[in-house]
Amino acid sequence: MNFSLPPRIQPYTPDLEQIGPDEPQLAEALSETMLSIAYTTYANSAHAIRCVHAKSHALLEAEVDIRDDLPPQLAQGIFAQPGRYQAVMRLSTTPGDILHDSVSAPRGMALKILDVDGTRLPGSENSSSQDFVMVNGKVFNSPSAKAFLGSLKLLAATTDRAEGAKKILSKLLRGVESVAEAAGKELTPVKVMGGQPMTHMLGESVYTQVPVRFGQYVAKLGLVPASENLKALIDTKVSVDGDEDVHRHLIEEFFRTQTAVWHLQVQLCTDAAEMPIEDPMALWDEEKSAYVTIATVTARPQESWSEERAGIVDDGMKFSPWNGIGEHQPLGQIMRMRKLAYERSAAFRSERNPIGVSEPRTCPFSTMRLVS
C-alpha cells in the first residue's frame, strides 16, 4: 500500500525543544489555577472531579489493532510490531465543572492503551499503559503557556457559577461560529468559550493538537471516524432542549447495538522550522505531510456509561500524555506544563474520593483490576 510518506522526515533530537527559564514558575501557576477549579467544585459537591474535562459522556472498552504493513518510518514506539491491545476510552467535554449539555464546549477523547512494552516516561514507572489525550481541533487554543494560564484564570473565576448565563452565552456563540463556518472559517477561541457546534460527539475527529515523539521522529496523532455508522454522524445536529445529558444518552443508544471503528492516524513532522514544536497553534501543512492510518480502534456494543464505570474511570483513573513510554514523550511547552498539573489533579482526586487513582492492567470493565 502507498502510505504517501513525505520525502523528508524530521529526526527527533532533544534540542528540538526550547525550554524557557520561567517554565517552572509557569508550571506552578498553571497547576495552582487548575487546582483552584477542583477545590471549588469539591467544596460544592463533596466529590473530587477533574480540573478540566470533568464531565464524561462515554467510558468505553476498546481494542487497538496495529497494522501489519507499516513501513519503518511508521513502525515506531508501540506501533513497531503488529498486534492487538486492550484499551479504555473516555469521551468528555472540557470544562472543570459538570454543566448542562446546552453549554457547549470542545470535546475530548482520551485513549489508554493497556499492557505496552517500553522504557517508561518519568513519573509513570508504575504503569504499563500508553495514554493519548486528544481534542476535536487540530491546534491548541492558546499561543503559549502564559496565554493559556490567563484564559484558565478566567475560567476558574466562573467555575460552578452562573450556569444560566453560560447557557445563553453558549447559544449566542454557537450562532457566531455557525456564521464563521458558513464563510469557511473556524473560530477556535469562540468554540472554547462555548461556541462549539451542537453535533453528535461520535462524529468528531480528535487530535493531540501538539506534538509527541514518535520513536525516531516527531508527530501529531489523530483519531477519526472509520466505520460508516460513525461517518454518518459527522456534523449531525443534536438538540439539547430538556436533556442535560443528551450526549451521554445518544452515545448509550448507539452502543446498545452498534460497533464503532476509528482510524488512529499520525502526521509526521517534515521540518521543525516549517512544522514547529513549540508553537501550539501551528497548523502543520497536510499537503506536505498527510495524516496516515497506523491502527484501528474498535468499540463493540456495550453499556457505554454507568455509575459503576464512572467510579472505575472518572474516579479511579487518570489520563495524561505523560503516562507512557519514552518513545512517545510529549513535546513542547504546553505538554511540559501539563505534567505537574495532571499529577496534582490526580493526587487531589485520589486523596479525597473513596476510589483512589490507579492504573488498569486489564479489560473489560466487568473484570477490570486496578493496581496502585
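Here the structure is shown first, and the text comes after it.
These numbers come from a predicted model, not from an experiment.

Asker: I'd love a proper account of the pairing of strand β3 (residues 107–113), names of residues and values included.
Answerer: Of all seven residues making up β3, seven are buried, and the element is well covered by its neighbours. On β3, burial covers both faces: Arg107, Met109, Leu111 and Ile113 on one face and Gly108, Ala110 and Lys112 on the other are all buried.

Asker: Give a description of the environment of Val64 that names residues and reports values.
Answerer: Its place among the elements puts Val64 in strand β1 (residues 55–66). Residues Val64 and Thr296, spaced 232 residues apart in sequence, show a C-alpha to C-alpha distance of 5.7 Å. Aside from chain neighbours lying at most four places away, what touches Val64 is Gly83, Arg84, Tyr85, Ala87, Leu111, Ile113, Ala295, Thr296 and Val297.

Asker: Explain the nonpolar core to me, and be specific about the residues and the numbers.
Answerer: Judged by nonpolar contacts, the single largest core of 81 residues is most densely connected at Phe79, Met89 and Trp262. Top element by residues in this core is helix α1 (residues 23–45). It accounts for seven residues. The residues touching Phe79, leaving out its near neighbours within four places in the chain, are Ile66, Leu70, Leu74, Phe132, Phe214, Leu264, Ile294, Ala295 and His328. Counting residues in each nonpolar core, the second largest holds nine residues, with Tyr12, Ala282, Trp284 and Leu331 among its members.

Asker: Tell me what's going on with the side chain of Arg107, and back it up with residues and numbers.
Answerer: By the secondary structure assignment, Arg107 is in strand β3. Classification of Arg107 by relative accessible area gives buried; the value is 3%. A distance of 2.9 Å separates the side chain of Arg107 from the backbone oxygen of Thr199, its partner in a polar contact. Here the side chain of Arg107 touches Glu204 through a polar contact of 2.8 Å, side chain to side chain.

Asker: An account of the environment of Ile355 is needed here, citing residue identities and associated values.
Answerer: Considering the arrangement of structural elements, one finds Ile355 in the loop between α8 (333–352) and β10 (359–360). A residue is classified by how much of its surface remains accessible, and Ile355, at 35% relative accessible area, is partly exposed. Considered as a pair, Ile355 and Asp315 are 40 residues apart in the sequence and their alpha carbons are 6.2 Å apart. Residues in contact with Ile355, not counting those within four places in the same chain, are Gly311, Asp315 and Gly316.

Asker: Explain the packing of α1 against α8 to me, and be specific about the residues and the numbers.
Answerer: At a minimum axis distance of 9 Å, the contact between α1 and α8 shows a crossing angle of 35°. In terms of crossing hand, the pair formed by α1 and α8 is right-handed. Taken together, the residues of α8 that come into contact with α1 (itself represented by Glu23, Leu26, Ala27, Glu28, Leu30, Ser31, Glu32, Met34, Leu35, Ala38, Tyr39 and Tyr42) are Gln333, Arg336, Met337, Leu340, Ala341, Arg344, Ser345, Phe348 and Arg352. Residue composition of the contact of α1 with α8, grouped by class: twelve nonpolar, three polar and six charged.

Asker: Outline the pattern of salt bridges, listing residues and values.
Answerer: What the rule picks out here adds up to 19 salt bridges. For Lys112, the salt bridge is made with Glu359, and the minimal N-O distance between the two is 3.0 Å. A residue pair is termed long-range when its members are at least 10 positions apart, and Lys112 in strand β3 and Glu359 in strand β10 qualify at 247 residues. Across the pair Lys138 and Glu286 runs a salt bridge, and its minimum N-O distance is 2.4 Å. In this pair, Lys138 sits in the loop between β4 (130–135) and α2 (145–157) while Glu286 sits in the loop between β8 (260–268) and β9 (292–299), placing the two residues 148 residues apart along the sequence. For Glu286, a relative accessible area of 32% gives the class partly exposed. In this structure, a network of salt bridges that share partners links the residues Glu17, Glu23, Glu278 and Arg336.

So, how was this worked out
Residues numbered from 1 in each chain as written. Predicted model: local features only at pLDDT ≥ 70, side-chain atom pairs only at ≥ 80, totals over all residues. Heavy atoms only, no water. Buried < 20%, exposed > 50% of the residue type's maximum accessible area, 1.4 Å probe, protein only. Helix = DSSP H or I, 4+ residues; strand = E, 2+ residues; numbered from the N terminus. Contact = heavy atoms within 4.5 Å. Core = buried A, V, L, I, M, F, W, Y, C linked by side-chain atoms within 4.5 Å. Polar contact = N/O pair within 3.5 Å; in protein donor to acceptor, adjacent residues only side chain to side chain. Axes fitted to C-alpha atoms, helices over the stretch in contact; angles between N-to-C directions. Left-handed = near helix turned anticlockwise from the far one by under 90°. Nonpolar A, V, L, I, M, F, W, Y, C, P; charged D, E, K, R; others polar. Salt bridge = Lys/Arg side-chain N within 4 Å of Asp/Glu carboxyl O.

These results come straight from atomic positions and should not be treated as a statement about function.
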